[in-house]
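Results of the structural survey
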Amino acid sequence: MSLNEQVLSYPIPNDTALEPPAEWAELRGTCPVAHVKLPSGDQATLLTRYADVKQVLADPRFTRQLNAPDAARLSAEGGGVFNSEIATIIPDGGEEHQHWRRLVGKWFTAKRMAALRPSMTAIAEQLIDDMVKRGQPGDLKAGLGFPLPVYVICDMLGVPAADRDRFSYWSNTLLNLTRYTQAEIEAAQGEFFQYMSDHLAAKRAEPGEDLLSELIAVGGPEDGGLADIQILVTGMALLVAGHETTANMIGKMVSMLLADRSRWERLLADPSLIRTAVEETLRLDANSGFGLPRYLREETEVSGTVLPRGTTVVCSMAAANRDESAFEAAAEMDLSRSPNPHLSFGTGAHSCLGQALARTELQVVLEVLLRRLPALELAVPVEELERVEGLAVGGLRTVPVRW
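First things first, this report covers the structure right here in the doc. For clarity, every value in this text was computed on a predicted model and none was experimentally measured. (Residues numbered from 1 in each chain as written. Predicted model: local features only at pLDDT ≥ 70, side-chain atom pairs only at ≥ 80, totals over all residues. Heavy atoms only, no water.)

Here's the deal with the packing of helix 9 (residues 182-205) against helix 11 (residues 228-259)
Just so we agree on the cut-off: In this analysis, axes come from line fits to C-alpha atoms, helices being fitted only over the stretch in contact, and the angle between any two N-to-C directions falls in the range 0 to 180 degrees. Per the convention used, a helix needs a DSSP run of H or I reaching at least four residues, while a strand needs a run of E reaching at least two, with both numbered from the N terminus. Working definition: roughly parallel below 35 degrees, roughly antiparallel above 145 degrees, roughly perpendicular at 65 to 115 degrees, and oblique for all remaining angles. Note on convention: near helix rotated counterclockwise from far helix by under a right angle means a left-handed crossing. Clockwise means right-handed. Contacts are assigned to residue pairs with any non-hydrogen atoms lying within 4.5 Å of each other. The residue classification treats Ala, Val, Leu, Ile, Met, Phe, Trp, Tyr, Cys and Pro as nonpolar and Asp, Glu, Lys and Arg as charged. All others, Gly included, are polar.
One way to put it is that helix 9 packs onto helix 11 with a least axis distance of 10 Å and a crossing angle of 115 degrees. The angle between helix 9 and helix 11 falls in the class roughly perpendicular. Taken as a pair, helix 9 and helix 11 cross one another with a handedness that is right-handed. Every residue of helix 11 that contacts helix 9 at Gln 189, Phe 192, Phe 193, Met 196, Ser 197, Leu 200 and Arg 204 is listed here: Asp 228, Ile 229, Ile 231, Leu 232, Gly 235, Met 236, Leu 239 and Val 240. Grouping the amino acids of the contact of helix 9 with helix 11 by side-chain chemistry returns 10 nonpolar, three polar and two charged.

Have a look at this one:
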C-alpha cells in the first residue's frame with residue numbers, strides 16, 4: 001500500500017535519536033499532503049515539503065485556533081499548550097498580533113542579545129566548572145543544556161531561577177501530548193497561572209529592570225499596552241518557550257557534532273564556523289518534536305490538493321528542512337552552509353519571537369565548550385541516545401559525555 005492510500009500514525013515512530021524516519025523522504029517525494037492519525041485518534045493533514053510548509057506558515061488563513069469545535073485534538077487529553085485556552089489570549093493575527101510582537105520583541109533584538117552575551121558566557125563557564133567538579137562521565141543536558149536557558153529567561157523576566165524545577169514540571173505538562181492526564185494538566189496550569197499572577201503583583205509593587213516590569217509600565221490597552229491577562233500569559237509563554245526548546249536543542253546540537261568526530265575537530269580548527277554550524281544543526285535536527293499545527297478557516301489549495309475548511313494541518317519543519325529542492329545535498333551536514341534559510345523557527349508573522357535568543361545561547365554554548373572541553377566526546381554510542389517521547393518539542397533523555 002502506498003503512503004497515498006494509508007493513514008500514518010503521527011508523530012511517525014522513530015527508533016533513532018538523531019536520524020529522521022525513512023518516511024519523510026518518501027512523503028516529500030510521493031505524498032506531500034498526507035493523511036495522519038494524531039495521538040488523540042483524530043485525523044489531520046501532514047505537510048513535509050519546504051515550499052508547502054513555508055506557504056502555510058506565512059498564510060493568515062491557517063490559524064492557531066486549535067480550540068475550534070471541528071479542529072483535530074492533538075491528544076486524547078486535550079493537547080497541552082496547543083489546545084489550551086491560554087494559547088488564545090495572545091492575539092492570533094492582524095494588527096493586534098503585530099502590536100503584541102512589537103511590545104515584546106524589543107527584548108529579543110540582536111542588540112539586546114549582544115548585550116546579554118557576556119553574562120551568558122559567564123553562566124556557561126560556571127556550569128561547566130560545576131560539571132567538571134562532579135566528575136565524568138557527566139550529563140550535558142542536566143549540567144548545561146537545561147540550566148543555562150532557564151537562568152537567562154528567568155533573568156529577562158525577573159523571576160527567581162531557584163524555581164526552575166517547578167517551571168520544568170509546568171512546561172512538561174503544557175508541552176507533553178501523551179504523559180499527563182487532563183486533570184494533571186489543568187492542575188499544573190492553575191498552579192503556573194497563580195505563580196505568574198503573584199509574580200506580576202510583586203512587579204507592580206516593586207518594578208525591576210525586566211521585560212514584565214516594562215510591559216506593566218506601558219499601561220493597559222488604552223495606553224497602547226497589553227491587558228493584564230495578556231501580560232500574564234506572555235510571561236507564562238516566554239518562560240516555557242524560552243527554556244524548553246533551547247535546553248533540548250543544546251543537547252541535540254552537541255550530540256550531532258560529536259556523532260562524527262570530524263565535525264568537532266573542524267570547529268576546533270576553525271571557530272569562525274560556529275555561527276553557520278549552529279544554523280546547520282538547527283536545520284538537520286530530526287528530533288524537533290511535533291511540528292506546528294494550524295487550523296484552516298476556509299477552503300485552500302496546497303500542492304495541488306484542495307483542503308476543506310476545518311482541516312487541521314501539521315507542518316513538519318524538520319522534514320521540510322531536508323527537502324532536496326530547497327537545500328543542496330540536503331541530507332549532509334555542511335558546517336559552512338550559507339545561506340541557510342531553514343524553517344526551524346517558522347516563518348512569516350508567527351516566526352519564533354525568541355530566535356535571536358536561542359541562536360545566541362547555542363553559539364555561546366558551542367564557543368565555551370570548544371574552548372574549555374576540546375576533548376569532549378559522547379560517553380555512549382550514538383545508537384544508545386534516547387529520545388524524549390511525547391513532547392511537543394523534541395529532545396534527548398540524557399546526553400552522557402566525557403572530556
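A word on the nonpolar core
Rules: Definition used in this section: a nonpolar core is a set of buried Ala, Val, Leu, Ile, Met, Phe, Trp, Tyr and Cys residues joined via side-chain atoms within 4.5 Å. Type-normalised accessible area, obtained with a 1.4 Å probe on protein chains alone, sets the label of each residue: buried when under 20%, exposed when over 50%, and partly exposed for intermediate values.
Counting 86 residues, the largest nonpolar core has Phe 108, Met 156, Leu 211, Leu 239, Met 253, Leu 366 and Leu 369 as the members making the most contacts within it. In terms of residue count, the dominant contributor to this core is helix 11 (15 residues). Not counting chain neighbours up to four residues away, the residues in contact with Met 156 comprise Trp 107, Phe 108, Met 113, Leu 116, Asp 210, Leu 211 and Leu 357. Ala 34, Val 36, Leu 46 and Ala 318 belong to the second-largest nonpolar core, a separate cluster that totals 18 residues.

A few points about unusual backbone geometry
Residue Tyr 10 is joined to Pro 11 through a cis peptide bond whose omega torsion reads 0 degrees. With respect to the helices and strands, the residue Pro 11 is situated in the loop between strand 1 (8-9) and helix 1 (23-30). A cis amide bond, omega 0 degrees, links Gln 136 with the succeeding residue Pro 137. Structurally, Pro 137 is set in the loop between helix 5 (110-134) and strand 5 (138-139). Positive phi, normally seen in glycine, also occurs at Ala 329, with a value near 50 degrees. Along the chain, Ala 329 falls in the loop between helix 14 (317-320) and helix 15 (355-372). With a relative accessible area of 38%, Ala 329 lands in the partly exposed category.

What to know about the pattern of salt bridges
Pairs may arise between side chains of opposite charge once their charged atoms sit close together. Rules: Think of a salt bridge as a Lys or Arg side-chain nitrogen and an Asp or Glu carboxyl oxygen that are within 4 Å of each other.
In total, this model carries 18 salt bridges according to the counting rule given. Here Asp 70 ties to Arg 309 by a salt bridge, and the two come within 3.6 Å at their closest N and O atoms. Note that Asp 70 is positioned in the loop between strand 4 (62-63) and helix 3 (80-83) and Arg 309 in the loop between strand 8 (305-307) and strand 9 (312-315), a separation of 239 residues in sequence. Owing to a relative accessible area of 42%, Asp 70 belongs among the partly exposed residues under this scheme. Residue class for Arg 309 comes out exposed when judged on its relative accessible area of 53%. Note that Arg 372 is salt-bridged to Asp 129, the shortest N-O span being 2.6 Å.

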